[in-house]
Every structure is written in C-alpha cells, then in structure tokens.
Amino acid sequence: MTHEEKLELVNFLIFLRGKLQSLAIRLILLGEDPKKVDEAEKRLAKEINKLRINMMLDWQGDAAELMAKLRQSNEQAQRHVRELKDAQQRTAKLANILGLIDRGMESVAGLLV
C-alpha cells in the first residue's frame, strides 16, 4: 500500500469510530445498553493506534479491495442503525451491526506484516 492509501484507510477507520460513538449515544437515548458497541469502539481504537504507529511498515493487502469491503460494511451498518427505532427488532439489528464491525476489524487486523 502507498502512504496515501494507508492514510485514507486510517482516516476512514477514524470516521467509523465516530459512527460507533454515535451509535452508543443513540442506544443510550433508546434506553439500551451500549456496552457491546463501546467494546467494539475500543477495539477499533486499538487497531487504529496500531496502524498509526506502524504507518512506515509494509502492510499486506489491496487497499482498494479493503476500502470497498469497509465501505460496504459501513453502508449496511448505517442502514441497520437507521432501523433501530423498532424495539422488537433492536437486538437482532444490533447483533448484525456488531457482526459487520467485527468482520471489518478482522480485515484491518491482517494488514500489518
């Protein structure tokens, strides 16, 4: 990956971290426990920090492919977030969102050589 691709990826992960923080706040406002989302946000923060520290090292993987996967996961997660208003389906939708986040973080975790 080029330095520009690395920077684009880290910036997008920072953007996604903000989305997780917003989701945690939304859950609190809905009277739900944000613990799992908070945990996911903390895991993402650690990955971002590892990538930031290792910016000068070689990263494995195709930046365009990874960004496409992360963008697709983000779009799906955002759709589920918009649908969280229905209390009966909230637990299932939250589980889907967290699954998408976990898959994205697994892809990111494999970047460092």
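Provided above is the structure to which this section pertains.
The written sequence of each chain sets the order in which its residues are numbered from 1. Under the rules for a predicted model, residues below a pLDDT of 70 receive no local features and side-chain atom pairs below 80 are neither given nor counted, while totals for whole chains, interfaces and linings still include all residues. Calculated side-chain values reflect all of the structure's heavy atoms, with hydrogen atoms and water omitted.

(A) Seen up close, the overall build of the protein chain. Every helix listed is a DSSP run of H or I at least four residues long, and every strand listed is a run of E at least two residues long, numbered separately from the N terminus. The helix and strand inventory of the protein chain stands at four helices and zero strands. Mapped in sequence order, the helices and strands of the protein chain form the string α-α-α-α. Here the globule rule is a power law, 2.2 Å times the number of residues to the power 0.38, and the radius of gyration is based on C-alpha atoms. Relative to the 2.2 N^0.38 estimate, which gives 13 Å for 113 residues, the radius of gyration of the protein chain is 15 Å and therefore close to what a compact globule would have. Here the C-alpha coordinates of the protein chain stretch approximately 45 × 20 × 15 Å along the principal axes.

(B) Local environment of the packing of aromatic side chains. For Phe, Tyr and Trp, where Trp contributes only its six-membered ring, two rings pair if their centres lie within 6.5 Å, and the inter-plane angle classes them as stacked under 30 degrees, edge-to-face over 60, or tilted in between. Applying the stated criterion to the full structure yields one aromatic pair. Here, over-ring charges are defined by two tests on the NZ atom of lysine or the CZ atom of arginine: distance to the ring centre within 6 Å, and angle to the ring normal within 35 degrees. Taking NZ or CZ as reference, Arg71 lies 5.3 Å from the ring centre of Phe12, over its face.

(C) The arrangement of the nonpolar core in detail. The biggest cluster of nonpolar side chains holds 30 residues, and the ones touching the most others in it are Leu9, Leu13, Leu23 and Val37. Secondary-structure elements contributing two or more residues to this core are helix 1 (3-29), helix 2 (35-53), helix 3 (63-82) and helix 4 (90-109). For this core, the leading source of residues is helix 1, giving nine residues. Those residues in contact with Leu9, other than ones at most four positions away along the chain, are Met1, Trp59, Leu66, Met67, Leu70 and Leu111. Put simply, a nonpolar core is a bunch of buried Ala, Val, Leu, Ile, Met, Phe, Trp, Tyr and Cys residues held in one set by side-chain atoms that sit within 4.5 Å of each other. Per-residue accessibility, obtained with a 1.4 Å probe over protein chains only, is compared with the maximum for each type, and a residue is labelled buried under 20%, exposed over 50%, and partly exposed between these values. Should any heavy atoms of two residues lie within 4.5 Å, those residues are counted as being in contact.

(D) Structural detail: helix 3. With 20 residues, helix 3 should reach 28 Å at 1.5 Å per residue; the first-to-last C-alpha distance of 28 Å fits that figure. Looking at helix 3, one finds that the buried residues are Ala63, Leu66, Met67, Leu70, Ser73, Asn74, Ala77, Gln78, His80 and Val81. Angularly, the buried residues of helix 3 cover 155 degrees about the axis, an arc narrow enough to put them on a single face. The outward face of helix 3, more than 90 degrees from its buried face, is lined by the exposed residues Ala64, Glu75 and Arg82. Its buried side turned inward, helix 3 meets helix 1 and helix 4. Helix span, as expected, comes to 1.5 Å for every residue beyond the first. Arc definition: it is the arc formed by the directions from the helix axis to the C-beta atoms.

(E) The arrangement of the packing of helix 2 against helix 4 in detail. Between N-to-C directions, angles cover 0 to 180 degrees, with each direction set by a line fitted to C-alpha atoms, over the stretch in contact for helices. The N-to-C vectors of helix 2 and helix 4 enclose an angle of 15 degrees; their axes lie 11 Å apart at closest approach. Taken together, the axes of helix 2 and helix 4 lie roughly parallel to each other. Where helix 2 crosses over helix 4, the handedness of that crossing is left-handed. Judged by residue contacts, Lys36, Val37, Ala40, Arg43, Leu44, Glu47 and Leu51 of helix 2 engage Leu94, Leu98, Ile101, Asp102, Met105, Val108 and Ala109 from helix 4. Orientation is classified from the angle alone, with under 35 degrees giving roughly parallel, over 145 giving roughly antiparallel, 65 to 115 giving roughly perpendicular, and any other angle giving oblique. Note on convention: the crossing is left-handed when the near helix lies turned anticlockwise from the far helix by less than a right angle, right-handed when the turn is clockwise.

(F) Summary view of the side chain of Asn74. Examined against the element boundaries, Asn74 turns out to sit in helix 3. Judged by its relative accessible area of 12%, Asn74 is buried.

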